[in-house]
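One-letter residues, chain by chain:
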Amino acid sequence: MPNFTFIIRFTLRKPKAGVTHEEQEFTHYTEAWDAFRTFAEHTSRAMYSRIDLTEYDWNEHRSATIATLKLSK
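Here the structure is a predicted model, which is why all the values come from computation and not from measurement. (Residues numbered from 1 in each chain as written. Predicted model: local features only at pLDDT ≥ 70, side-chain atom pairs only at ≥ 80, totals over all residues. Heavy atoms only, no water.)

1. Brief notes about the sheet that holds strand 4 (residues 62-70)
Taking strand neighbours across the sheet as the criterion, the 4 strands line up as 2-1-3-4 in an open arrangement whose pairing is antiparallel. Whereas interior strands pair on both sides, the edge strands pair on one side only; in this sheet they are strand 2 (19-26) and strand 4. Strand-to-strand twist across the sheet, computed as the mean angle between neighbouring axes with direction ignored, equals 25°. Relative to strand 2, strand 1 (residues 4-16) runs antiparallel, the two sharing 7 bridges. Its bridge partner lying in strand 2, Arg9 is registered against Glu23. Helix-sheet contacts for helix 1 (residues 29-38) involve strand 1, strand 2, strand 3 (48-57) and strand 4, and the interaxial angle to strand 4 is about 25°. (Pairing = 2+ DSSP bridges. Helix = DSSP H or I, 4+ residues; strand = E, 2+ residues; numbered from the N terminus. Axes fitted to C-alpha atoms, helices over the stretch in contact; angles between N-to-C directions. Contact = heavy atoms within 4.5 Å.)

2. Let's talk about the pairing of strand 4
As defined by bridge partners, strand 3 adjoins strand 4 across 8 bridges and the pair is classed as antiparallel. Each residue of the ladder has a partner; that of Glu55, found in strand 4, is Ala64. The antiparallel pairing of strand 3 with strand 4 creates a hairpin that spans 4 residues between the two strands, and His61 there sits at a positive phi of about 55°.

3. Side note on the pairing of strand 3
Within strand 3, 8 of the 10 residues are buried, which leaves it mostly tucked inside the rest of the structure. Of the pairings in the sheet, the one linking strand 1 to strand 3 comprises 9 bridges and is antiparallel in character. Looking at strand 3, one finds that Leu12 is bridged to Tyr48. (Buried < 20%, exposed > 50% of the residue type's maximum accessible area, 1.4 Å probe, protein only.)

4. Regarding the pattern of salt bridges
Applying the stated criterion across every chain yields a total of 4 salt bridges. Ionic pairing is found between Glu23 and Arg9, a salt bridge with its closest N-O pair at 2.7 Å. Of the two residues, Glu23 sits in strand 2 while Arg9 sits in strand 1, which places them 14 residues apart along the sequence. In this structure Glu23 comes out as partly exposed when scored by relative accessible area, which is 39%. Since its relative accessible area comes to 34%, Arg9 is described here as partly exposed. The partner of Asp34 in a salt bridge is Arg37, with the nearest N and O atoms 2.9 Å apart. Of the two residues, Asp34 and Arg37 are both situated in helix 1; the distance of 3 residues between them amounts to about one turn of the helix. For Arg37, a relative accessible area of 48% puts it in the partly exposed group. (Salt bridge = Lys/Arg side-chain N within 4 Å of Asp/Glu carboxyl O.)

Structure follows, in structure tokens:
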């Protein structure tokens, strides 16, 4: 089991039936950053209001925010 999990959380601009966000998980830092950067485009703002990249430390049982992208309408 990896020591860290990297999570990208996409906050939906228009939530559906109680679902306010979507998530993708990665075990490698560089893969998570590459995926995060993929969504740093103006086309993402139609679907998402915010995108967060966080790191979960399984040894310490804590989360830390690495990056946040707030998208205006």
